[in-house]
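Given next are the chains, with one letter for each unit.
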Amino acid sequence: MIAGMHFSGLFRHGRTSAAVLLAASLAGCGLFRPAPPPAPAVHPAELADDTGLPASAARALNQRFRYMHAVGHSAGHLQVDDADDLAVVLAPIGQSNDAIVALLVNGPGGEYRVATSSKVVAPGCEPCTTTVDIAHHLLSVHVMRPADPEFERLTYQFGYRDTDDGLRLVGVTAAQPAGDEPIAHSYAITVNLLTGAKVDTLDPTSTDPARRRELKSTVPLRPAIAFDAFTFTPQALAPELRRQPVSAFEPQETLPASAAALLRARFPGATVQSRSAGVLRAEGMHDIAVVLAPAAGADADADATLALLLAQADGSLKLGPVSGPLTRNCRGCDVQVQIAHKALVVQTATTDGSGTHVAGYQFVATPRPGVLRLVGVRTVLASHDGSGDSHRYVNTANLVTGDKLDVVEDVAHGHRHRVEHASRIALRPPIALAGFAFDPSKLDAETRRDFNP
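Remember, it's a predicted structure, so these values are computed and weren't measured experimentally.

Visitor: Just checking my understanding: could you explain the overall build of the protein for this structure?
Guide: A count of helical and extended segments in the protein gives 4 helices and 22 strands. Sequence separation of at least 24 residues holds for 49% of the intrachain contacts in the protein that already meet a minimum separation of 6. In the structure as shown, the protein presents an accessible area of about 21,000 Å², 55% of it carried by carbon and sulfur atoms.

This is the structure we're talking about:
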């Protein structure tokens, strides 16, 4: 049953009885609607040769790359304004992956000659595609990696700093659409390798109404990387393409004065680590969820806490339920909160030697004033290695219906393999947000990874 449900879309109406919640879930409008399956890859045999090359360019390529065929090209002014350069994507005959990029320049009499060529782009990745364009004196190499767990779209830009320089890497951009985490964002990075300027961007999604957010920083400058020496893998630019934790993007605007006063009185010295405002209990009333880091100098047992500020009919705020420890079992976790679709989602994320661990908890309001009940839990373990292979294990449990779904998704050598296993778990007595400790081990049946396909 859970296969048709979505975490962030659970139970559009917060003040609902357990029976109605169950009915809504069984109707398919509840917990965890999974991400759509990946689009089928185009088989290399279906990709035609690029026949639009100038005749002299085709001859030059055939002499230098006899066992490769052209699958795309772009022409334009790259080095100087009075001569056309030509970038051509070449792949081994009979396939479109394991491509290289050849750069041709005009020689005497307008004849093209091969000036340089790249290393293999995305080696071993069969569904990967490579395209090129020349514009504004830059050569852009676009790589689509549909099975990559980090970045599916990468663009590498090459240019000449002056007419005497060789072609060098001057910039990179990377983008990843929103995934299936409990709180999902699309993520993008742009880096200028000449200045070290880096911009990380979080874009809002349909389940996250927050505004577009940017984070500017710098990375150390590298020695010049020549076009023909660069290895086209994300790992080749690991510092430049390192993601920032989502908490780093939290807006710095101050809380409403009444909210800040309530928090100071109850949690003196604590600092706001993450927050979200939205309709949680009733239309037209915006509650606020706040993650509070312990005050500086607090004892070792102090922990982050989630506090809920409830909007009142007269426009004021009232301190609502306060959770138990948020990060006691994952010190240094990145914590996010989101109020959307009359549900509160709390997500923790941390990385260790076994991979990235994400845990999401979803709460909805109950008929009892100020009481929120845990209705869904989702855990993700994701890992990948330097070759691009990855492994994901996702558990989704509906605590109202007892439905559980285990999903294992592996990517090996560019090929995605996904299997699912639906099961049932025993229902628990209702679990309230007040005092709740965010520890997956306390929900063993709901989070246990015991499916071995």
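Now that the structure has been shown, the text picks up again.
Visitor: Any chance you could explain the sheet that holds strand S15 (residues 317-322) here in plain terms?
Guide: Two modes of strand pairing occur in sheets, parallel and antiparallel, and in both the strands are linked by backbone hydrogen bonds. The sheet built from 4 strands is open, its strands ordered S12-S13-S14-S15 with antiparallel pairing. Single-partner strands in this sheet number two, and they are strand S12 (271-279) and S15. Strand-to-strand twist across the sheet, computed as the mean angle between neighbouring axes with direction ignored, equals 25°. Here strand S13 (residues 286-293) pairs with strand S14 (residues 305-311) via 5 bridges, running antiparallel.

Visitor: What is the right way to read the nonpolar core from this model?
Guide: As a rule of thumb, nonpolar side chains are buried together in soluble globular proteins. Leu139, Tyr156, Phe158 and Leu237 are the most contacted members of the largest nonpolar core, which has 38 residues in total. Of all the secondary-structure elements, those providing two or more residues to this core are strand S2 (85-92), strand S3 (100-106), strand S5 (129-135), strand S6 (138-144), strand S7 (153-159), strand S8 (168-176) and strand S9 (186-192). If we ignore the near neighbours within four places in the chain, the residues touching tyrosine 156 are Leu139, Ser140, Val141, Val143, Leu169, Gly171, Val172, Phe230, Phe232, Thr233, Pro234 and Leu237. Membership of the second largest hydrophobic core comes to 29 residues, among which are Val337, Ile339, Val346 and Ile431.

Visitor: What exactly am I supposed to notice about helix H3 (residues 257-266) here?
Guide: By the burial criterion, the buried members of H3 are Ala259, Ala260 and Leu263. For H3, the buried positions fall inside an angular range of 95° around the axis, keeping them on one side. Of the residues in H3, the exposed ones pointing more than 90 degrees away from the buried face are Ala257 and Ala265. The secondary structure elements touched by the buried residues of H3 are S13, S14 and S15.

Visitor: Where do I start with the packing of aromatic side chains in this structure?
Guide: How two aromatic rings sit relative to each other is set out by the distance from centre to centre and by the angle between their planes. Tallying each qualifying case throughout the model produces 11 aromatic pairs. Here tyrosine 361 and phenylalanine 438 contribute two aromatic rings whose centre-to-centre distance is 5.0 Å and whose plane-to-plane angle is 85°, an arrangement assigned as edge-to-face. You can see tyrosine 361 sitting in strand S18 (residues 355-365) and its partner phenylalanine 438 sitting in the loop between strand S22 (415-424) and helix H4 (444-447), a full 77 residues away along the chain. Its relative accessible area of 0% is what places tyrosine 361 among the buried residues. Here phenylalanine 438 falls in the buried class, since its relative accessible area comes to 3%. Aromatic pair phenylalanine 363 and phenylalanine 438: ring centres 6.1 Å apart, planes at 70°, arrangement edge-to-face. Of this pair, phenylalanine 363 sits in strand S18 while phenylalanine 438 sits in the loop between S22 and H4; the two residues are 75 residues apart in sequence, bridging distant segments of the chain. In terms of burial, phenylalanine 363 and phenylalanine 438 fall into one category: buried.

Visitor: What exactly am I supposed to notice about the pattern of salt bridges here?
Guide: One side chain can pair with another of opposite charge once the charged atoms of both are near each other. What the rule picks out here adds up to 12 salt bridges. A salt bridge links glutamate 111 to arginine 59, with the shortest nitrogen-to-oxygen separation between them at 3.2 Å. With glutamate 111 in the loop between S3 and strand S4 (112-117) and arginine 59 in helix H2 (residues 55-64), this pair connects stretches of sequence that are 52 residues apart. Among the residues examined, glutamate 111 registers a relative accessible area of 38% and is labelled partly exposed. Linking arginine 448 and aspartate 444 is a salt bridge whose minimum nitrogen-to-oxygen distance equals 2.6 Å. Connected via shared salt-bridge partners are Glu409, Arg418 and Glu420.

Visitor: What should I look at first to understand unusual backbone geometry in this one?
Guide: Backbone geometry follows two general trends: most residues other than glycine have a negative phi, and most peptide bonds adopt the trans configuration. The phi angle at aspartate 98 is positive, at roughly 50°, despite the residue not being glycine. Tracing the backbone shows aspartate 98 in the loop between S2 and S3. Judged by relative accessible area, which is 24%, aspartate 98 ranks as partly exposed.

Visitor: Would you mind going over the environment of glycine 124 with me for this structure?
Guide: Its place among the elements puts glycine 124 in the loop between S4 and S5. For glycine 124, a relative accessible area of 39% corresponds to the partly exposed category. Put simply, glycine 124 and aspartate 98 are 26 residues apart on the chain and 6.3 Å apart in space, counted from C-alpha to C-alpha. Setting aside chain neighbours within four positions, we find glycine 124 in contact with Asp98 and His413.

Visitor: What am I meant to see in the sheet that holds S9 here?
Guide: Pairing is antiparallel in the open sheet, where 7 strands are placed in the order S5-S6-S7-S8-S9-S10-S11. Both edges of this open sheet fall to S5 and strand S11 (213-218), since each of them pairs with a single strand only. Pairs of neighbouring strands in the sheet enclose a mean axial angle of 15°, with direction left out of account. Where S5 meets S6, 7 bridges bridge the pair, whose relative direction is antiparallel. In the strand pairing of S6, threonine 131 is matched with histidine 142.

Visitor: Explain the pairing of S7 here, please?
Guide: In terms of burial, S7 is largely enclosed, as 5 of its 7 residues are buried. Here S6 pairs with S7 via 6 bridges, running antiparallel. Among the inter-strand pairings, histidine 142 is bridged to a residue of S7, identified as threonine 155. One ladder, built from 7 bridges, connects S7 with S8; its direction is antiparallel. Looking across to S8, one finds that leucine 154 is bridged to alanine 174.

Visitor: Hey, could you run me through the state of the cysteines in this one?
Guide: Cysteine pairs can be covalently joined through their sulfur atoms, and such a bond is termed a disulfide. Counted according to the given criterion, the structure contains 1 disulfide. Disulfide partner of cysteine 125: cysteine 128, at an S-S distance of 2.0 Å. Taking the torsion about the S-S bond as the criterion, the cysteine 125 to cysteine 128 disulfide, at about 75°, is right-handed. Given a relative accessible area of 4%, cysteine 128 falls into the buried group.

The rules we used
- Residues numbered from 1 in each chain as written.
- Predicted model: local features only at pLDDT ≥ 70, side-chain atom pairs only at ≥ 80, totals over all residues.
- Heavy atoms only, no water.
- Helix = DSSP H or I, 4+ residues; strand = E, 2+ residues; numbered from the N terminus.
- Contact = heavy atoms within 4.5 Å.
- Areas by Shrake-Rupley, 256 points an atom, 1.4 Å probe, with all protein chains shown as cover.
- Pairing = 2+ DSSP bridges.
- Axes fitted to C-alpha atoms, helices over the stretch in contact; angles between N-to-C directions.
- Core = buried A, V, L, I, M, F, W, Y, C linked by side-chain atoms within 4.5 Å.
- Buried < 20%, exposed > 50% of the residue type's maximum accessible area, 1.4 Å probe, protein only.
- Arc of directions from axis to C-beta.
- Phe/Tyr/Trp six-rings, centres within 6.5 Å; stacked < 30°, edge-to-face > 60°.
- Salt bridge = Lys/Arg side-chain N within 4 Å of Asp/Glu carboxyl O.
- Disulfide = S-S within 2.5 Å.

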